[in-house]
Structure formats: C-alpha cells, structure tokens
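Spelled out from the first residue to the last, the chains are:
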Amino acid sequence: MPSAEPKTAASSGGVQSLERAFDLLERMADAGGEVGLSELSTSSGLPLPTIHRLMRTLVACGYVRQQPNRRYALGPRLIRLGESSARLLGTWARPYLARLVEETGETANMALLDGDEVVYVAQVPSRHSMRMFTEVGRRVLPHTTGVGKALLAAAPPDEVRALLGRTGMPPVTPRTITTPDGFLEALRRVRETGYAVDDNEQEMGVRCLAVPVPDSPTAAAISISGPAGRVTEEAMADIVPILKEVAADLSGALASGGGTA
C-alpha cells in the first residue's frame, strides 16, 4: 500500500503537481481502477479541492474518465502507455533471458499480469532442436502456468479467489489445477520455495520453472521451459538458483532504468 503522502517536490527536485497526479493514478490502480474523490482524499491526505483540480486535468488529457455515478476510473489513454511500457520491459529483459538460455540450455520467457491474464512480453528460444516456443503477446490464464503462479504468489488469497471466479479454471491438460484450493496450495509452495513449477499443466510433456522479478514496477516473472525429459528434478536443482539470480539482476536493471546483463 502506498504511503499516506508522496514525496514532496522539494525533497525530490520534481514538480509537485505532477508527482501528486501520478500518485493519484497509482492509488486508483491499487483500488481496482475506480474511486471516488473522498476515497482519494482519505488515502492520499490531500484536500478535496486539490484532488478535484488534478482529476479535472487528468480527465481532460484522457488518462482518467468520470463515470455516470460521478466516480473516477482509469482512462483508455493509459492503455497505449502500458502497451509501450510492456514492449520496452521486454526489450530490457532480453539480455537476461539470453543469459538464462546460455546457462540452462532451455527457452526463457518473461511474462506480466495484465488484468486477469498472463501475457508473454519477451522470449529467447533454446538452441536445442527440440525446444518450446511461446508467441510474444500470447495470453493465457494464470492457473495453467508457472509464470501465473509466480505472478500471483504474493497476492492476498481473497484476490486470487476473486480472479479465479472471474476466469474460471478450465483444464488445458489432465494435469491442470482446476480448484481454487489446489491453486492456493500451489501458491503457498511458491512462497515457501521461491519458485513455481508448471508440470505438464499447460502442455503435456513440457515442464516450466518460474520466479517472480522482485520489486518490478509491475508484476513480472521470468521462466524457462523445456521437455520434461530434460527439465528433470535433478536439473531443477541447478536451474532454480540461476533463475533467482537472473531475476534479481533484472530487478536491479529495471530499478536503474534499464541496462544489460
């Protein structure tokens, strides 16, 4: 949860109204995308006239829209910014995914949580003749994938149950987890071990290992995927530490605005 008051312009060297506007947008996102002025005032500590003035500007720019019930919702113009940002995030991740391929031999992926779905934003394929391909831009339901588990591991259980209620839990293979309790138990194991496993749950014969990218500006996970005959229990013991190390290095690069592995 964001702090009650964003950093001031004096402390950061920025423009106070701009900082406050972005803080309000983030609070709206944290609240599910739609809020009332009084809610924003309570959470931010800003006076109502200040919030009203900032929201009028954001509405005029298309970043916020006012609903018929007078509440405010995130606007469609943010979609373009989000899509461009996701592409850039994938570009920054590619050197780190290439390192994963070099060190593990398997295809490496990066995925984000977009609404209730997982979207793949970057991939570097394995050099093996038998390898896994996931099209960049492909969307899947979180309960079917290792990256989905990694992305949702830190989410409150009630939020996870609500998401699963919206998407349903259709089986993709006979191994797909299809109950909320089963999925929540899988998330508990992710929190306990620090990594997620997709064991023939998205595609038979394929095993995927995934870890969250810590402190990413948006929920992100990286993974490797390969034939189950190569991604064995023994191989996992070597691969998981590499995944965690690369995720930590990628996190550092994102915090500094990009960079190479």
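All of the points below concern the structure found in this document. In this text, all values refer to a predicted model and were calculated from it rather than measured experimentally.

Let us look at the pattern of salt bridges. For the structure on display, the rule yields 18 salt bridges. With its nearest N and O atoms 3.3 Å apart, the salt bridge here joins Glu34 to Arg71. Within this pair, whereas Glu34 is found in strand 1 (residues 34–35), its partner Arg71 is found in the loop between strand 2 (64–66) and strand 3 (72–74), the two being separated by 37 residues in sequence. On the basis of relative accessibility, which here comes to 26%, the residue Arg71 falls in the partly exposed class. A salt bridge links Arg71 to Glu39, with the shortest nitrogen-to-oxygen separation between them at 2.5 Å. With Arg71 in the loop between strand 2 and strand 3 and Glu39 in helix 3 (residues 37–44), the pair connects residues that are 32 residues apart, well separated along the chain. What you see here is one network of salt bridges that share partners, running through Arg99, Glu103, Glu245 and Asp249.

In the Ramachandran plot, Asn200 falls in the positive-phi region, its phi being about 65° despite a non-glycine side chain. Along the polypeptide, Asn200 turns up in the loop between strand 7 (196–199) and strand 8 (206–212).

On to the sheet that holds strand 2. In spatial order, the strands read 1-3-2; together these 3 strands make up an open sheet with antiparallel pairing. Edge strands, defined here as strands with exactly one partner in the open sheet, are strand 1 and strand 2. Sheet topology note: the strand 2/strand 3 ladder contains 3 bridges and is antiparallel. Following the sheet pairing, Gln66 is matched in strand 3 by Tyr72. Across the sheet, helix 2 (residues 16–30) lies against strand 1, strand 2 and strand 3, angled at about 90° from strand 3, the strand it touches most. The sheet strands contacting helix 4 (residues 48–61) are strand 2 and strand 3, and the helix crosses strand 2 at an angle near 105°.

As a further point, take a nonpolar patch on the surface. Where nonpolar side chains cluster on the molecular surface, the patch consists of Val15, Leu18 and Phe22 and spans about 310 Å² of accessible area. Locating Val15 in the fold gives a position in the loop between helix 1 (9–12) and helix 2. For Val15, a relative accessible area of 52% corresponds to the exposed category.

The strand order 6-5-4-9-8-7 describes an open sheet built from 6 strands, whose pairing is antiparallel. Strand pairing shows two members of the sheet lacking a second neighbour, strand 6 (139–140) and strand 7, which therefore form its edges. As paired strands, strand 4 (residues 107–114) and strand 5 (residues 117–124) are joined by 7 bridges and run antiparallel to one another. In the sheet register, Asn109 faces strand 5, and the bridge partner there is Gln123.

Here is what the cut-offs are and how they apply
- Residues numbered from 1 in each chain as written.
- Predicted model: local features only at pLDDT ≥ 70, side-chain atom pairs only at ≥ 80, totals over all residues.
- Heavy atoms only, no water.
- Salt bridge = Lys/Arg side-chain N within 4 Å of Asp/Glu carboxyl O.
- Helix = DSSP H or I, 4+ residues; strand = E, 2+ residues; numbered from the N terminus.
- Buried < 20%, exposed > 50% of the residue type's maximum accessible area, 1.4 Å probe, protein only.
- Pairing = 2+ DSSP bridges.
- Contact = heavy atoms within 4.5 Å.
- Axes fitted to C-alpha atoms, helices over the stretch in contact; angles between N-to-C directions.
- Patch = residues over 30% accessible without salt bridge, like charges linked within 9 Å, V, L, I, M, F, W, Y side chains within 5 Å.
- Areas by Shrake-Rupley, 256 points an atom, 1.4 Å probe, with all protein chains shown as cover.

Keep in mind these values describe shape, not function.
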